[in-house]
Amino acid sequence: VREAVLETLPESARRALQRQAADVLMASGAYPLEVANLLAASAEPGDDVAVAAIRRAVHDLGPSDPGAAADLGRRALDLSALDDPHRAELAAETALLLFAADRAADGQAFADAALKGALAPDQQAEILLSIAQMYPVSADVRVANGRAALDLAGVSPALRARHLAWLSHNLLGAGRVAEARDVISSSARDVRAADDDAATFRMAVAAATLAGIDGRYASALTQLEHASSSGAGRFDPSLEVTRSDVLAATDRIDEALQLTVDGLTVAQHDRHAYAIRAWEQYRGRRLLELGRLSDAAAALEGTLAVDSLEQPVHGADAPAVVALGRTALHVGDDRLARRCRQMAQSMLDDGPPEVRRHGAWLLMLQAIAGSDPGGARTALDALSEDGSVAILPQLRSDPVDEAQLVRVALAIGDETLAESAVRAAEHRHELNPDVRSLAATVAHARGLRFEDVGELATATELFAAAPRPLAHASALEDLGRCQVLRDERAAGIESLGAALEIYARCGAAWDVARVRSRLRALGIRRRLTQPARPARGWAGLTESELRVVRLVAEGLTNRDVAARMFLSPHTVGMHLRHSFAKLGINSRVELTRIVLAHDTRNPPPT
């Protein structure tokens, strides 16, 4: 009724009433959030009282609802005077809130528009810094904005230090490791002299990330721990992502996976849409390493626009595209593999060096899997056009990939590349002699390089004690193949059979079919000790899918299920999509009926 009455009033009267209501609320001591929307709707440009109240509301609302806070920030800027000293600070904060709401393109456009005003150097630097912190924006764009700020005369030492720290961080994200190393080395003194906590923290994270790229994992973890303690105990996503990658590289994948769950929980609490999506991607990569392919596919596919070829692949998404493409290969999902191949090609065609490396690597893996060495050579040649020395991604890569690079090199007849891959694996192992997966990778790479049964046997023994079942199965398959070639038929069949069992437990249907074909060529039809999960029906649902469908049958929304299971709504949606396909249904009503009927006959364990 109130809304209907308001609609009958002239706009000027309605705005006057809204402002009067806001004044009454403020006079009674109401919180800024309670009056912000009234002020946003009723205030006129130049209303300093309204602008100040809305600005406080933006600050208060940002951690819990960045999208709504960003909209209020835009309104506050529309109302503020051009000479308002807080204007640039509010513009930078609003741009970052748009990024947090997963509206990075809007955030960058908003920041670009704000820069067109007559601003002092520090004000320009504040806005440029907001763009430098937007991960979905191309790393090269972030680098360019950072350099533009550093070229400004009269920027304060603290702001300059922050830009130097973020420049080193973004150069690493772009894969320009040599440039990042130079910036970290040359600017460390300036950052210390500025005595700015934010700059010191960001530079420490960049230095730790560089140590991780170099394979100095113990040093990286030590530096991350020191940075974390100096960061006043706050949960910084970039720090924890780097920690997760380093822990995974040292075979502490369960700890690395838990970090992604912690990150997702914080992001959900803060309603940080971009962070929710990013953490689920990191979680998907950890699940792939652990051989949990169905869960990995749900986590990764739910965060990527795999059904839209018009959507560009952001640099932050590149490792997830590779992980999803590899998952699609393992499970034999041709549709998903084709989509990932198209995304990888766009990454190779147009992206900074690190994005191009991710795209080329997935294209090479897919080409070799499809017995197409020419396709692998084409991707490799395209990558080398820009003078790139590194072939494998340097950031967010799998530390056991050198063995697969040897496989690619041998398929295309590049002995030099095979040898360099072996040396790279050996160097990483020398830096981390106690990590079993790294020792196994050296043996696997050497075994492939020289068709050495002894090295391959060593690799399988080492992988057996490491948490990477797919890498273990791959080494077993290569061992079995080489044993058969050397007339060690019984041993070869045993190795291939062991690989088959591991692939089947992981749900790697394509690998299972390939190994079975090898065994059939030897006259062997091997039964699995644990039957493979069927493709359709209730029995085809994974444990994660069963948990999701049961919670949905209780009436929970996707967001409620996500909170209960410490997942993102994207992943819950993908689990439901897969479950619907397996059960041949189209609605939650049908799903609820099936769940109730099944659990009545077969009550789930409590």
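Basis of the calculations
Residues numbered from 1 in each chain as written. Predicted model: local features only at pLDDT ≥ 70, side-chain atom pairs only at ≥ 80, totals over all residues. Heavy atoms only, no water. Helix = DSSP H or I, 4+ residues; strand = E, 2+ residues; numbered from the N terminus. Rg over C-alpha atoms; globule rule 2.2 N^0.38 Å. Buried < 20%, exposed > 50% of the residue type's maximum accessible area, 1.4 Å probe, protein only. Contact = heavy atoms within 4.5 Å. 1 Å grid on protein atoms, 1.4 Å probe; cavity = no way out; pocket = protein on both sides within 12 Å on 5 of 7 lines; lining within 4 Å. Points joined across faces, edges and corners; volume = space filled by probe spheres on them. Nonpolar A, V, L, I, M, F, W, Y, C, P; charged D, E, K, R; others polar. Phe/Tyr/Trp six-rings, centres within 6.5 Å; stacked < 30°, edge-to-face > 60°. Salt bridge = Lys/Arg side-chain N within 4 Å of Asp/Glu carboxyl O. Expected span 1.5 Å × (residues − 1). Bend = angle between axes of the 7 residues up to and from the residue. Polar contact = N/O pair within 3.5 Å; in protein donor to acceptor, adjacent residues only side chain to side chain. Core = buried A, V, L, I, M, F, W, Y, C linked by side-chain atoms within 4.5 Å. Axes fitted to C-alpha atoms, helices over the stretch in contact; angles between N-to-C directions. Parallel < 35°, antiparallel > 145°, perpendicular 65-115°, else oblique.

J.: Quick question: what am I supposed to make of the overall build of the protein chain here?
T.: Counting secondary structure elements, the protein chain contains 32 helices and 0 strands. Taken against the 2.2 N^0.38 rule, which gives 25 Å for 606 residues, the C-alpha radius of gyration of the protein chain at 27 Å falls within 12% of a compact globule. Counting only C-alpha atoms and orienting by the principal axes, one finds that the protein chain spans roughly 90 × 65 × 40 Å. By residue count, 53% of the 606 residues in the protein chain fall in the buried class. Taking contacts inside the protein chain between residues at least 6 apart in sequence as the whole, the part at least 24 apart equals 63%.

J.: Got a minute to help me understand the layout of surface pockets in this structure?
T.: If a probe as big as a water molecule is rolled over the atoms, it shows which places are left empty. Estimated volume of the second largest pocket: approximately 1500 Å³. If you trace the second largest pocket, you find 47 residues lining it, with Ser294, Asp295, Arg533, Thr542 and Lys582 closest to the centre. Residues of the lining of the second largest pocket, tallied by class, amount to 23 nonpolar, 8 polar and 16 charged.

J.: For this particular structure, what's the right way to read the packing of aromatic side chains?
T.: Geometrically, a pair of aromatic rings is defined through the distance of the ring centres and the angle of the planes. Per the counting criterion, the structure on display carries 4 aromatic pairs. With a centroid separation of 5.1 Å and 45° between ring planes, the pair formed by Phe99 and Tyr274 is classed as tilted. Here Phe99 is found in helix H6 (residues 87–100), whereas its partner Tyr274 is found in helix H16 (residues 273–289), with 175 residues between them in sequence. The burial state of Phe99 is the same as that of Tyr274; both residues are buried. Site record: aromatic cluster; members linked through ring pairs are Phe99, Tyr135, Trp166 and Tyr274.

J.: Any chance you could explain the pattern of salt bridges here in plain terms?
T.: A pair can form between side chains of opposite charge whenever their charged atoms are brought close. For the coordinates displayed, the defined rule picks out 40 salt bridges. Between Arg271 and Asp65 there is a salt bridge whose closest N-O contact spans 3.6 Å. Remark: Asp65 occurs in the loop between helix H4 (48–61) and helix H5 (66–79) and Arg271 occurs in the loop between helix H15 (253–270) and H16; sequence separation between them is 206 residues. Here the salt bridges share partners, and the residues they tie into one network are Asp245, Asp251, Arg285, Arg286, Glu289, Arg396, Asp398 and Arg468.

J.: What is the right way to look at helix H11 (residues 177–194) in this model?
T.: Because an α-helix packs 3.6 residues into every turn, residues spaced three or four apart end up facing the same way. For H11, with 18 residues, the first-to-last C-alpha span of 24 Å sits near the 26 Å given by 1.5 Å per residue. Maximum bend of H11: about 50°, positioned at Ser187. Along H11, the positions that sit buried rather than exposed are Val177, Ala180, Val183, Ile184, Ser187, Val191 and Ala194. At its buried positions, H11 is contacted by helix H10 (157–173) and helix H12 (197–213). Just downstream of H11 lies Asp195, where phi reads positive at about 55°.

J.: I would appreciate a short explanation of helix H25 (residues 453–464) in the present structure.
T.: An ideal rise of 1.5 Å per residue puts 16 Å on 12 residues; H25 measures up with 16 Å between its terminal C-alpha atoms. Every buried residue of H25 is listed here: Val453, Leu456, Ala459, Thr460, Leu462 and Phe463. On its buried side, H25 packs onto helix H24 (436–450) and helix H26 (469–485). Two or three places before Gly454, at the start of H25, stands the capping residue Asp452, its side-chain oxygen 2.9 Å from that residue's backbone nitrogen.

J.: Before we go on, may I ask you to explain the nonpolar core in this structure?
T.: Here is a general trend for soluble globular proteins: nonpolar side chains tend to be buried in one another's company. Trp361, Met364 and Tyr503 are the most contacted members of the largest nonpolar core, which totals 81 residues. When residues in this core are grouped by element, the largest group, 9 residues, is from helix H20 (residues 353–369). Apart from residues no more than four positions distant in its own chain, Trp361 is found in contact with Val322, Arg326, Leu392, Pro393, Asp401, Gln404, Leu405 and Val408. In terms of nonpolar packing, the next biggest core, distinct from the first, is built from 42 residues, Val51, Ala91, Ala111 and Ala267 among them.

J.: Just checking my understanding: could you explain the environment of Gly374 for this structure?
T.: Within the element layout of this structure, Gly374 appears in helix H21 (residues 373–384). On a C-alpha basis, the gap between Gly374 and Arg486 in space is 28 Å, while along the polypeptide they are 112 residues apart.

J.: Is there a simple way to explain the packing of H6 against helix H8 (residues 121–132) in this structure?
T.: Working note: a packed helix pair is described by the angle between its axes plus the distance between those axes. Where H6 contacts H8, the axes come no closer than 8 Å and their chain directions differ by 5°. Looking at the two axes, H6 sits roughly parallel to H8. Contacts between H6 and H8 involve Ala88, Ala91, Ala92, Ala95 and Leu96 from the first element and Gln123, Glu126, Ile127 and Ser130 from the second. A class-by-class count of the residues in the contact of H6 with H8 yields 6 nonpolar, 2 polar and 1 charged.

J.: Teacher, can you tell me more about unusual backbone geometry here?
T.: A negative phi angle characterises most non-glycine residues, just as the trans form characterises most peptide bonds. Even without being glycine, Asp251 reaches a positive phi, approximately 70°. When you line up the elements, Asp251 lands in the loop between helix H14 (237–249) and H15. Given the relative accessible area of 17%, Asp251 is considered buried. Positive phi, normally seen in glycine, also occurs at Phe566, with a value near 60°. Mapped onto the elements, Phe566 comes out in the loop between helix H30 (558–565) and helix H31 (569–583).

J.: Mind showing me how you'd approach the side chain of Asp511 here?
T.: Structurally, the position occupied by Asp511 is in helix H28 (residues 509–521). At 2.6 Å, the side chain of Asp511 and the side chain of His330 are in polar contact. At 2.9 Å, the side chain of Asp511 and the side chain of Arg514 are in polar contact. Dropping the residues within four chain positions of it, Asp511 is found in contact with His330 and Tyr503.

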